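# Working through the structure, step by step
Spelled out from the first residue to the last, the chains are:
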Amino acid sequence: MHKAKKSTWMVIAVMIAAALVAPVVAGPKNNYMLNILISYCYFGILAASLNLLIGYTGQMSLGHAAFMAIGGYAYAILNKTLGMHFLIAVIGAVVISFICGLFIGLACSKLSTIFLAMTTSGFAKAVTLTITNEKWLTGGANGFTGIPKLTILGHKLGNFELYYVALAITLFVFLFCYRLIYSKTGRAMQAVRNAPIAAAAMGINVNGYKFLVCGISAALAGLAGCIYAVNMNYLSADMFNKTSITLLTMTVCGGMGSLFGPVAGTLVIGTLPELLRAFSGYLDGVYGVLIILVMLFMPEGIYGGIRSLAEKVMSKKKAGAPAKKEA
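In this report, we go over the structure that sits alongside the text. Please read these numbers as outputs of a predicted model, since none were measured by experiment. (Residues numbered from 1 in each chain as written. Predicted model: local features only at pLDDT ≥ 70, side-chain atom pairs only at ≥ 80, totals over all residues. Heavy atoms only, no water.)

A word on the packing of aromatic side chains. For the structure shown, the criterion picks out ten aromatic pairs. With 5.3 Å between their ring centres and 50° between their planes, Tyr 42 and Phe 43 make a pair best called tilted. When the ring of Phe 260 is compared with that of Tyr 303, the centres are 5.2 Å apart and the planes differ by 35°; the resulting orientation is tilted. Residue Phe 260 is located in the loop between α11 (243-254) and α12 (261-275), and its partner Tyr 303 is located in helix α14 (residues 301-320); the two are separated by 43 residues in the primary sequence. (Phe/Tyr/Trp six-rings, centres within 6.5 Å; stacked < 30°, edge-to-face > 60°. Helix = DSSP H or I, 4+ residues; strand = E, 2+ residues; numbered from the N terminus.)

Here the focus is the side chain of Ser 49. With respect to the secondary-structure elements, Ser 49 resides in helix α2 (residues 31-54). For Ser 49, a relative accessible area of 0% corresponds to the buried category. Here Leu 46 takes part through its backbone oxygen, which lies 2.6 Å from a polar atom of the side chain of Ser 49. The residues contacting Ser 49, other than those within four sequence positions of it, are His 64, Ser 217, Leu 220 and Ala 221. (Buried < 20%, exposed > 50% of the residue type's maximum accessible area, 1.4 Å probe, protein only. Polar contact = N/O pair within 3.5 Å; in protein donor to acceptor, adjacent residues only side chain to side chain. Contact = heavy atoms within 4.5 Å.)

Our focus in this paragraph is the packing of helix α8 (residues 184-194) against helix α10 (residues 206-232). Helix packing geometry: the angle between the two helix axes and the distance between the axes. Two elements in contact, α8 and α10, have axes separated by 10 Å at closest approach and are oriented at 110°. It follows that α8 is roughly perpendicular to α10 by the angle criterion. In terms of crossing hand, the pair formed by α8 and α10 is left-handed. Counted together, Thr 185, Ala 188, Met 189 and Val 192 of α8 and Val 206, Tyr 209, Lys 210, Leu 212 and Val 213 of α10 form the full contact between these two elements. For the contact of α8 with α10, the class distribution of residues is seven nonpolar, one polar and one charged. (Axes fitted to C-alpha atoms, helices over the stretch in contact; angles between N-to-C directions. Parallel < 35°, antiparallel > 145°, perpendicular 65-115°, else oblique. Left-handed = near helix turned anticlockwise from the far one by under 90°. Nonpolar A, V, L, I, M, F, W, Y, C, P; charged D, E, K, R; others polar.)

Turning next to the packing of α2 against α10. Between α2 and α10, the least distance of the axes is 8 Å, while the angle of their chain directions is 170°. The orientation of α2 with respect to α10, classified from their angle, is roughly antiparallel. Taking contact as the criterion, the partners of Asn 35, Ile 38, Tyr 42, Ile 45, Leu 46, Ser 49, Leu 50, Leu 52 and Leu 53 in α2 are, on α10, Val 213, Cys 214, Ile 216, Ser 217, Leu 220, Ala 221, Ala 224, Ile 227, Tyr 228 and Asn 231. Looking at side-chain class alone, the contact of α2 with α10 contains 15 nonpolar, four polar and no charged residues.

Okay, structure coming up:
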């Protein structure tokens, strides 16, 4: 099992502590800030799920938000329409998203990168059209309204409590990704990304791992959709139309093939819409320019760039430190 450095664990501890304190600093009744913090949670899960697909198996997806929509709507239908307990609804939504991900996994095993990207984009369009046209099930263009707030032991959770539930789920997802990546399965995934022909020659079932990762990635995206549905209490197909581009930007700019990459991407890209609210019509252009700049000056992403800079600073300090005199 992979052992993380002491400095890595310190960074993780600081990040978790900051995440725990953030809503208290923002204010328990500041719903605007709490909604932003909750969005970091479901976008973080989404970025981590896409990172498994792109960063660790080299499979391109331009329609990953479709699985978020599937998970959100599945939860809403199971919970509100069919009256199921929220835990059963979440499990059902994740399973449905997983099955849909396996469907895309069939394409992964047959298509190359560019054709796979086109296929996933088409799949997202098909999901959007289905949601819009099946009014009897999804509410159609008017959206799915009245999704119940999360209730635990008879207490209806506000945004303050919901944030901590979302944070706990997010931490669980990142722990799951950590365990997966540094397992035998994770090493096989990375072999599939780096040298699929050599991996197949060594007896690794390349198509089987692509198939599996697509399902896992979709299931995690569906879980993020559940959090989104509970937080917003309303769903519509339009909500997910541009999410795939935002998500791809988070994953690429944050740093693919790294556990911390999705975190960095989520914090930076997730904050941009709030900082550039006056220029909301130009956000897609901003994302495009940002991807170009990151690829030019930080090929390993924001996290990789920060890590490289820190390593250079530390090496200079060590080089400039006076040698200890021998006794």
